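# Residue-level structure breakdown
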Amino acid sequence: MTPSNISETEMLVGNTLLSDNCSGCHMASDDGSFSRISHMRKTPEGWDMNIARMMIFHGLEIEPQDRRALVKFLSDTQGLAPAETAAHRDILERKHNTIEQDVDPDLAAMCARCHTYARVALQRRDKAEWQNLVHMHLGQWASIEYQMLSRERDWRADALGPVSEKLGQMYPLKTAVWADWQATEWKDMSGEWRIVGHYPGKGDMEGTMKVTSLGGDNYQTEFTLHFVGQTLVGKGKSIVHSGFEWRGTATFPDEKVRQIWAASTDGNSMTGSFFNKDHFEESMVITAWRKTSENGIMGIVPSAVKVGVETEVVISGVNLSGDVTIEGAKVTVTSATADRIVAQVKADGTTEGDVKLSVGKDVSIQTIYAQVDYLKVTPEYGISRVGGGGGPIPKVKAQFEAVGYSFGPDSVAGTDDDVRLGMLQVTWAVDNYSEASAEMQDAKYAGYITAQGTFIPEVAGPNPDRKYGTNNAGDLKVIATYTDGARILTAEAHLIATVQRWNNPPIM
Ligand code: HEC
Ligand code: HEC
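Here the structure is a predicted model, which is why all the values come from computation and not from measurement.

Once that is clear, we can look at the overall build of the protein chain. Secondary structure summary: the protein chain contains twelve helices and 28 strands in total. By the compact-globule yardstick of 23 Å for 508 residues, the protein chain fits well, its C-alpha radius of gyration being 26 Å. Projected onto its principal axes, the C-alpha positions of the protein chain cover 75 × 65 × 45 Å. Buried residues in the protein chain amount to 48% of all 508 residues. Long-range contacts, defined here as pairs at least 24 residues apart, represent 59% of the contacts in the protein chain between residues at least 6 apart.

Our next topic: the coordination of the iron atom of ligand 2. Every protein donor of the iron atom of ligand 2 is accounted for by H115 (NE2) and H137 (NE2), and the metal-donor separations fall at 1.9 to 2.0 Å. Coordination at the iron atom of ligand 2 is octahedral: its six donor atoms span angles of 86 to 179° at the metal. One end of the pair, H115, is in the loop between α6 (105–111) and α7 (118–121); the other, H137, is in helix α8 (residues 127–140), with 22 residues separating them in the sequence. Its relative accessible area of 18% is what places H137 among the buried residues.

Turning our attention to the sheet that holds strand β21 (residues 398–399). Two orientations exist for strands paired in a sheet by backbone hydrogen bonds: parallel and antiparallel. Read across the open sheet, the three strands follow the order β21-β26-β25; overall the sheet is antiparallel. The open sheet is flanked by β21 and β25 (447–449), the only strands paired with a single partner. Both β21 and strand β26 (residues 454–457) contribute to a ladder of two bridges, which runs antiparallel. Its bridge partner lying in β26, A398 is registered against F455.

Before going further, it helps to examine the domain arrangement of the protein chain. Per the domain assignment, the segments of the protein chain are domain 1 (8–181), domain 2 (191–290), domain 3 (296–369) and domain 4 (374–498). With 18 residues of domain 1 at the interface, the matching set in domain 2 holds 22 residues. The junction of domain 1 with domain 2 conceals about 1,600 Å² of combined surface from both sides, 58% of it contributed by carbon and sulfur atoms. Contact with domain 2 buries area across many residues of domain 1, yet K72, R94 and W181 alone supply 36% of it, more than any other trio. Where D217 meets K72, a salt bridge forms, and the shortest distance between an N and an O atom there is 2.7 Å. At the junction of domain 1 and domain 2, the tally comes to eight residue pairs in polar contact (both at pLDDT 80 or more). Listing elements by their share of the side of domain 1 that touches domain 2, those giving two or more residues are α2 (44–58), α3 (64–77), α4 (82–85) and α5 (89–92).

So, about the site of ligand 1. Surveying the vicinity of ligand 1 reveals 18 residues, the closest of which are C22, C25, H26, R53 and M54. Note that an oxygen atom of ligand 1 is positioned 2.9 Å from one of the side-chain N or O atoms of R36. Here an oxygen atom of ligand 1 sits 2.7 Å away from a polar atom, N or O, in the side chain of H58. When residues of the shell around ligand 1 are traced back to their parent elements, those giving at least two are α2 and α8.

The end-to-end C-alpha distance of helix α1 (residues 8–21), which contains 14 residues, comes to 20 Å, matching closely the 20 Å that a straight helix rising 1.5 Å per residue would cover. For α1, the set of buried residues is E10, M11, G14, L17, L18 and N21. Down the axis, α1 shows its buried residues gathered within 135° of arc, on one side only. Across α1 from its buried face, at more than 90 degrees, point the exposed residues E8, T9, L12 and D20. Buried residues along α1 sit in contact with α3.

A separate point is the coordination of the iron atom of ligand 1. On the protein side, the iron atom of ligand 1 has H26 (NE2) and M54 (SD) as donor atoms, found 2.0 to 2.2 Å from it. The site at the iron atom of ligand 1 holds six donor atoms, and with the angles between them running 87 to 178°, its shape is octahedral. Here M54 lies in helix α2 and H26 lies in the loop between α1 and β1 (41–42), a separation of 28 residues in the sequence. Accessibility expressed as a relative area gives 16% for H26, which makes it buried.

Now for the environment of K444. Mapped onto the elements of the fold, K444 is located in helix α12 (residues 442–445). Considered as a pair, K444 and G474 are 30 residues apart in the sequence and their alpha carbons are 9.3 Å apart.

Turning to the packing of aromatic side chains, a few remarks are in order. With the rule as written, the count across this model stands at twelve aromatic pairs. Look at Y219 and W246: their rings are 6.0 Å apart centre to centre, the planes differ by 25°, and that puts the pair in the stacked class. Taken as a pair, Y219 in strand β5 (residues 218–227) and W246 in strand β7 (residues 245–251) lie far apart in primary sequence, 27 residues in all. On the basis of an interplanar angle of 80° and a centroid distance of 5.6 Å, the ring pair of F223 and F274 is categorised as edge-to-face. Of this pair, F223 sits in strand β5 while F274 sits in strand β9 (residues 269–276), and the two are 51 residues apart along the sequence. Above the ring of F280, the side-chain terminus of R94 is found at 4.7 Å from the ring centroid. Over the ring of F227 we find K202, and its NZ or CZ is 4.5 Å from the ring centre.

What counts, and where the lines are drawn
- Residues numbered from 1 in each chain as written.
- Chains lettered and ligands numbered in written order.
- Predicted model: local features only at pLDDT ≥ 70, side-chain atom pairs only at ≥ 80, totals over all residues.
- Heavy atoms only, no water.
- Helix = DSSP H or I, 4+ residues; strand = E, 2+ residues; numbered from the N terminus.
- Rg over C-alpha atoms; globule rule 2.2 N^0.38 Å.
- Buried < 20%, exposed > 50% of the residue type's maximum accessible area, 1.4 Å probe, protein only.
- Contact = heavy atoms within 4.5 Å.
- Donors = N, O, S within 2.8 Å, 3.2 Å for Na, K, Ca; no water.
- Tetrahedral: all angles 85-135°; square planar, octahedral: opposite > 155°, others 65-115°.
- Pairing = 2+ DSSP bridges.
- Domains from an automatic or database assignment.
- Buried area = accessible area lost by both parts, 1.4 Å probe.
- Salt bridge = Lys/Arg side-chain N within 4 Å of Asp/Glu carboxyl O.
- Polar contact = N/O pair within 3.5 Å; in protein donor to acceptor, adjacent residues only side chain to side chain.
- Near = heavy atom within 4 Å.
- Expected span 1.5 Å × (residues − 1).
- Arc of directions from axis to C-beta.
- Phe/Tyr/Trp six-rings, centres within 6.5 Å; stacked < 30°, edge-to-face > 60°.
- Lys NZ or Arg CZ within 6 Å of the ring centre and 35° of its normal.

In structure tokens, the structure reads:
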């Protein structure tokens, strides 16, 4: 039976590729299934890593275009539904500095000490197949039972017993959400799209994307992206796997970028990360809306205006029309299209905090504040990595951003009524984090931070100028200083400037 979203041709080509490339080791059965392969579901990245592993471990040889076609076929026929990936998208979308939250501590100790927990939770299979995977681990990494966090338990017995049992219950092969998703019509993504995003350190972006179908869930894309004082035009190609997993590459004048996005189930919006091909840490989170079907406000920049200061505010959206009003502020529209409204806004001080902004019948929130009461630096804990220096692994930078807050009505910092005011222009510095890092002069050797809050690590390799000739790693404080007249506010974050990751698979 062919699931309705998948063409006869894709089924035929896919099964032939499995037969030609895999059936030598994976036995084909009369019912059309292949041993092992037919008993699990994975994300596109999961399938691609699986095929890469067949090549590295078992000597599979496969043409690049056949590998891509198999990833597409397997993701469409044995993929994950939107709801099944939701909790682990930050890892799938390669967001830098992600610290996985809410992972069962026992499963984390067993299965998330060499790789992320997302790598596990983004697969679906029954107990027997989880057990087969454990056997693969035991066979490949024989020391797995004796490493830290393993030897204080009976790792093998736990992994094959309660852990496989639990994973089979939490992440089984057959689920109603996947069956429902296969029965839902997967939408064509071509058309005009409106897109907004935020690039840490650089600011907010709004633009458009034109998507043209090339057939077989392949698309051509054309982007026009506006940042403050800069417009970037780019062109690329994308493919949609499993009916919603949008993967794209595009070329802009100064860089090549990649997109890992998820479409909504109605196919009218997308969200995900947009990042530099060689530096996934240079990444922006975007939201895209199809221009024909959605109405409303997508973004307001800046999101917060200061009482008494006339500020240019840009409202981005789709099909915008009608009067623009902001509670407690005078609004003068200077230009307006269905996509974008520019207005001069001056808050009169009668109200503060989050107030109603409306454009005709569409409403959103504008923040009004009297002063910045405190700052926070995000991420609170960042990682950079040495690189370059003639070695094969590029540097991994760390991007910081200072976000302003007001205390809110209770005048106390850190309570629920605090109001987020968005990114602030600050000056940046780094310093030694601890006595040990002061002793090693980490701040002098590990790298420097730019005016945009980008920490650029030093080159890899031993540094003969350093104590013990050690490398350029360091343990640092990142300090943001915000000046508003005579008031000076500061905030700090922690930065580990560490060594390279030699293996950077798609799902860490
Ligand atoms: C030369 C033999 C060989 C070929 C060819 C081969 N495999 Fe495998 N495959 C294995 C072996 C052995 C295992 C079990 C050990 C392991 O998981 O590495 C395996 C395991 C698997 C698994 C289970 C992995 C898991 O997550 O537990 C999948 C899925 C798979 N192969 C897919 C494929 C696909 C798809 C192809 C063809 C593109 C392929 N294999 C070609 C030998 C092969
Ligand atoms: C000793 C380190 C280590 C531990 C502990 C570990 N893994 Fe892995 N795992 C790996 C490595 C390394 C790979 C990647 C192999 C590759 O792709 O080259 C991997 C791959 C995987 C994959 C992808 C396999 C595929 O082909 O799609 C899954 C799923 C996985 N592990 C699940 C688990 C689970 C479940 C546990 C706990 C029972 C676990 N891992 C514990 C090291 C580990």
